[in-house]
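This is what each chain is made of:
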Amino acid sequence: DLLDPERLIQCPFVKQHQIRACRFPYHLVKCKESNPEIAKKLATCPFNARHLVPRGDLSDHIMKCNDQALMEQDVVSGSCEPPQDQVKDGSTWQPPPCDEDWET
């Protein structure tokens, strides 16, 4: 199951590392720092930062990446934009006046 936080994922830096899905992002950061030479050879997928692939395979990965469909769906549905009622109403909040003078 792809949503199971306990499933094991293979580390792209050290193939012997099997990491639980819930810990995978943290492991990537640490393992990248520990393996800078391998990190230089890998590229990050623009659709999912957990996808690290060899630089030469990135364009092929982008064409086939399952997360691309999710990104396109968000763009088409406009879910990144605020609801229209918020846009029409606008915000009446104003910042309070600043009494500080850092020069004095």
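Residues numbered from 1 in each chain as written. Predicted model: local features only at pLDDT ≥ 70, side-chain atom pairs only at ≥ 80, totals over all residues. Heavy atoms only, no water.

## As for the overall build of the chain
- Summing up its helical and strand segments, the chain has 5 helices and 4 strands in all.
- Sequence-ordered secondary structure for the chain, helices as α and strands as β, is β-β-α-α-β-β-α-α-α.
- Counting only contacts in the chain whose residues sit at least 6 apart along the sequence, the fraction spanning at least 24 positions is 15%.
- Taken as a whole, the chain presents about 8700 Å² of accessible surface, with 55% of it coming from carbon and sulfur. (Helix = DSSP H or I, 4+ residues; strand = E, 2+ residues; numbered from the N terminus. Contact = heavy atoms within 4.5 Å. Areas by Shrake-Rupley, 256 points an atom, 1.4 Å probe, with all protein chains shown as cover.)

## Brief notes about the UniProt feature "domain: CHHC U11-48K-type" (unreviewed entry) in the chain
- The positions that UniProt labels "domain: CHHC U11-48K-type" (unreviewed entry) are, in the present scheme, residues 8–35 and 42–69.
- Spanning residues 8–35, this segment combines 39% helix with 21% strand, and its end C-alpha atoms are found 20 Å apart.
- Along residues 42–69 one finds 39% helix and 21% strand; the C-alpha atoms at either end are 23 Å apart. (UniProt positions renumbered as here; feature names shortened; annotations may be inferred.)

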